Amino acid sequence: MPGSPSAAAAPSPSPASTRPVRVPDLRALKERGERLVMLTAYDGVTARIFDEQGVDLLLVGDSIGDNMLGHRNTIPVTVDEMVVATRSVARATKRALVVADLPFGSYEASPAQAHATSVRLLKEGGANAVKLEGGRHVTEQVRLLTRSGIPVVGHLGLTPQAENILGGKRVQGRGEDAADALLADAVALADAGAVALVLEMVPAPLAARVTARLAIPTIGIGAGAGCDGQVLVWLDMAGMADWAPRFSRRFGEVGAALAEATRAYGAAVRNGSFPGPEHTYGE
């Protein structure tokens, strides 16, 4: 609970600090009103950059499917693919807490299935925590993982793995009944042992209500500024995607810079100015 000695005793690292972010830091940050910064990462190159800039949590999301692997959505992503991506991110990370998604079909059937998948992501992938989608129906999974020493981040609101049932990417939790159900799911996940909760495409007043109710931090994506932190897909954040959702913001134009560098490289190769003498080895 807020103000408890165990939570307050855990100092939170500053962006300039290289001390690793630990699970107790998440609640400590919430209690002090400090915002958590989370980004997706799918490889070692970007993970190193984000880690060095003080990002608190790196999410190895199953969003790798529709952002990096060419799928239409996240559903085709496999556990093996998540293990490889997580391993790449974890190896490049010194400070951030690495959270790996449990992909579709790898945890829903039973707590034992969730445990087996999570063990792979921690042992083979090097993750510090896992994330799963769903509310009260996955609390037994959360309980078993927590008892086993595996930190769990929940995910409510728009749950992309349930896209076929939800009918697409739609705001969730509108209306009194839906809002009450989402809040009940959030409380159930926290009670089961979740260490944080992602809220995706949820009305801002509802997200603020959930945030105020829970002792664990909430991390919003399309859920307003009332959450304890924010997460974005890094390609949306950096201007790499050709489309971005309404809730996103481009904080750079990396895509345009990469395109320009590619054009310049192609021109230099074609006109013979690259490689020059300075790029060439003699006998």
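Residues numbered from 1 in each chain as written. Predicted model: local features only at pLDDT ≥ 70, side-chain atom pairs only at ≥ 80, totals over all residues. Heavy atoms only, no water.

As recorded in an unreviewed UniProt entry, the protein chain goes by the name 3-methyl-2-oxobutanoate hydroxymethyltransferase, listed as coming from Miniimonas arenae. Per UniProt, the comment on the protein chain under Subunit (unreviewed entry) is "Homodecamer; pentamer of dimers." (UniProt positions renumbered as here; feature names shortened; annotations may be inferred.)

Caption draft 1: Seen up close, the pattern of salt bridges. Counted by the stated rule, this structure contains 13 salt bridges. Here Arg-136 ties to Asp-185 by a salt bridge, and the two come within 2.6 Å at their closest N and O atoms. In this pair, Arg-136 is assigned in the loop between strand S4 (129–131) and helix H7 (139–147) and Asp-185 in helix H9 (residues 176–192), connecting sequence segments 49 residues apart. According to the relative accessible area criterion, Arg-136 is partly exposed, its value standing at 44%. Take Asp-185: its relative accessible area is 16%, and that puts it in the buried class. Note that Arg-143 and Glu-140 form a salt bridge whose closest N and O atoms lie 2.8 Å from each other. (Salt bridge = Lys/Arg side-chain N within 4 Å of Asp/Glu carboxyl O. Helix = DSSP H or I, 4+ residues; strand = E, 2+ residues; numbered from the N terminus. Buried < 20%, exposed > 50% of the residue type's maximum accessible area, 1.4 Å probe, protein only.)

Caption draft 2: Structural view of the layout of surface pockets. Approximately 660 Å³ is the volume attributed to the largest pocket. Contributing to the lining of the largest pocket are 32 residues, with Ser-63, Asp-66, Asn-67, Lys-169 and Val-233 lying nearest its centre. At the level of elements, helix H4 (64–67), strand S6 (196–200), strand S8 (229–232) and helix H11 (234–237) are the ones that each hand at least two residues to the lining of the largest pocket. As a volume, the second largest pocket reaches approximately 430 Å³. (1 Å grid on protein atoms, 1.4 Å probe; cavity = no way out; pocket = protein on both sides within 12 Å on 5 of 7 lines; lining within 4 Å. Points joined across faces, edges and corners; volume = space filled by probe spheres on them.)

Caption draft 3: Summary view of the UniProt feature "active site" (unreviewed entry) in the protein chain. The UniProt record annotates "active site" (unreviewed entry) at Glu-200. Positionally, Glu-200 belongs in strand S6. Apart from residues lying up to four places away in sequence, Glu-200 is in contact with His-155, Leu-156, Gly-157, Leu-158, Pro-160 and Ile-221. (Contact = heavy atoms within 4.5 Å.)

Caption draft 4: Representation of the domain arrangement of the protein chain in the model. With domains assigned, the protein chain is organised as domain 1 (21–251) and domain 2 (253–282). Of note, the centres of domain 1 and domain 2, computed from C-alpha atoms alone, are 39 Å apart. With four residues of domain 1 in contact, the opposing surface of domain 2 contributes four residues. Note on domain 1 versus domain 2: buried area summed over both sides is about 350 Å², and carbon and sulfur give 54% of it. Together, Ala-238, Met-240 and Arg-250 form the three largest contributors to the area buried by domain 1 at its contact with domain 2, with a combined 75%. For the pair domain 1 and domain 2, the interface holds one salt bridge. (Domains from an automatic or database assignment. Buried area = accessible area lost by both parts, 1.4 Å probe.)

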